[in-house]
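Spelled out, the chains give:
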Amino acid sequence: MINIGWIIDSKYRELPRLYSLRKKLEKKKVKLVFFNKLNFELGIKSYSLSALIIPNLWEIGLKMVNTAKHLDVPKIYVYHTECFEESENYLKLKYPISKLKNIDSIFCHTKIECEFLKKNNFENYKFVGHYKYFNLKKTSQRQRNQKKIIGLTSTNKYLANPHTNSLIHIINRRCEDEFARDYLKYEIDYIFLLTKLIKFCKNNNYKILFRPHPLEQNNRYDLLKNHFFEVDYSHDIKKFFGKIDVLLNHISSSSFDAIMNDVPVINIGNLFENLKNFQDLYEFPPAQIGKKIEKFEDIKSILDNDKNLENLVYENKFLKNEIKEKIFNKNQDPLTILENLLLSEKKSPKILRKLVFFPVFLFKQLLTNLKKNRYELFNSFNLKDSKLLKKMDEKN
């Protein structure tokens, strides 16, 4: 059996359809081994890997590359967990050209990523596309009634940080980082807008269904719960879109998911301060999606007329076709492309490692199960996560 490691960054974002890929590869004697970023070094040591897929090239991703190279993993691939970025500045951060010498291939989400790498003389890339969105099954939309449900997703990183309750601690750690300072300002403005929205819903008989970011301590928002505000805890974002009438979007990639699930989008970007260090984020394609409004009151004028929402859904169809053109390679299923690429791997000779390191890795992973602030990490030794992997498959 050939072992291929895949480090999962965030299970809620990356698991859809991977159960099917693993099953298809197993039939051809290739085992796809999933483990998380917390114990990645032990994970690499615990399996005789023929190849390793890493989720990013940020600081931790580069550590993964160096560790895999040091441990003689034959092939190192990058399939970035972040997608849809188009700005040159962001792509330079996402794929630091000077640090790609140990990368055997990059699996690209979009044509633009391929063009960027080619322009910078990195030829070892494959246009795979994004498996999550291929032949996406449409969620059953709820019947609209008098109380419309407004969907709102969070992109917050700091205020609901699961690793600390102290905002002072967060500010102290990030005080030298100009982008982080602006992000904190944005998050505070976001919470003010959220509280204003709750009052707005109370006065107009609407309701907010709020979906926290996967890296947030989502129960921090429970104190806001009332008849007009509910927190969505569903693992699959498709279920969230089946419960709402409209999505309010600013800089969240969930707007792409909304388009693919035929949910109308209102763009609230103009309700926030224009921040100096957010210019690349403003170019982020999902930040452009939706009907742009100029003032808060415009939300009510759109929601009060069902025809407005129907028109937005109709416009989604054209945008959906544009997205498909960007993220699919000649309408091929990205999982089929991945399957064919991974079937070419050869068996690794490092077969004794598992006997030495696997018991330690297993113990560390079991300890991770006990950490409440690590719920976004995928753990193959956790029965709930194994069920989640299957539940998020394309057949469910």
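Please refer to the structure higher up on the page.
Now for a quick tour of the structure. (Residues numbered from 1 in each chain as written. Predicted model: local features only at pLDDT ≥ 70, side-chain atom pairs only at ≥ 80, totals over all residues. Heavy atoms only, no water.)

### So, the nonpolar core
Next up, step 1: Grouped together as the largest cluster of nonpolar side chains are 63 residues, with contacts concentrated most on Leu-152, Leu-197 and Ile-208.
Next up, step 2: When residues in this core are grouped by element, the largest group, 11 residues, is from helix α8 (residues 178-204).
Next up, step 3: Excluding residues that lie within four positions of it along the chain, Leu-152 makes contacts with Tyr-190, Leu-194, Leu-197, Ile-208, Leu-209, Phe-210, Arg-211, Phe-240, Leu-247, Leu-248 and Ile-268.
Next up, step 4: In terms of nonpolar packing, the next biggest core, distinct from the first, is built from 32 residues, Ile-7, Ile-54, Leu-57 and Ile-106 among them. (Core = buried A, V, L, I, M, F, W, Y, C linked by side-chain atoms within 4.5 Å. Buried < 20%, exposed > 50% of the residue type's maximum accessible area, 1.4 Å probe, protein only. Helix = DSSP H or I, 4+ residues; strand = E, 2+ residues; numbered from the N terminus. Contact = heavy atoms within 4.5 Å.)

### Overview of the side chain of Asn-161
Next up, step 1: In this fold, Asn-161 is placed in the loop between β7 (149-153) and α7 (167-174).
Next up, step 2: For Asn-161, the residues in contact, after removing those within four places along its chain, are Ile-170 and Arg-220.

### As for the sheet that holds strand β8 (residues 207-211)
Next up, step 1: In spatial order, the strands read β9-β8-β7-β10-β11-β12; together these six strands make up an open sheet with parallel pairing. Sheet topology places β9 (229-231) and β12 (291-292) at the edges, where each strand pairs with a single neighbour.
Next up, step 2: Bridging between β8 and β9 involves three bridges; their strand directions are parallel. Residue pairing in the sheet places Leu-209 in a bridge with Glu-230 of β9.
Next up, step 3: Its contacts with the sheet put α8 on β7, β8, β9 and β10 (246-249), and the angle it makes with β8 is roughly 150°. (Pairing = 2+ DSSP bridges. Axes fitted to C-alpha atoms, helices over the stretch in contact; angles between N-to-C directions.)

### A closer look at the environment of Tyr-95
Next up, step 1: Position of Tyr-95 relative to the elements: it lies in the loop between α5 (88-94) and β5 (105-108).
Next up, step 2: Distance from Tyr-95 to Val-78, taken between C-alpha atoms, is 9.6 Å for residues 17 residues apart in sequence.
Next up, step 3: When residues no more than four places from it in sequence are discounted, the contact partners of Tyr-95 are Leu-57, Val-78, His-80, Ile-106, Glu-113, Phe-116 and Leu-117.

### A look at the packing of aromatic side chains
Next up, step 1: One pass over the full model with this rule turns up 31 aromatic pairs.
Next up, step 2: When the centroid spacing of 5.4 Å and the interplanar angle of 55° are considered together, the rings of Tyr-183 and Phe-278 count as tilted. Of the two residues, Tyr-183 sits in helix α8 while Phe-278 sits in the loop between β11 (265-267) and α11 (279-282), which places them 95 residues apart along the sequence.
Next up, step 3: Here a set of aromatic residues connected by ring pairs shows up, and it is made of Tyr-158, Phe-179, Tyr-183, Tyr-186, Tyr-190, Phe-272, Phe-278 and Tyr-282.
Next up, step 4: A cation over a ring is seen here: Lys-196 above Phe-296, with NZ or CZ 4.5 Å from the ring centre. (Phe/Tyr/Trp six-rings, centres within 6.5 Å; stacked < 30°, edge-to-face > 60°. Lys NZ or Arg CZ within 6 Å of the ring centre and 35° of its normal.)

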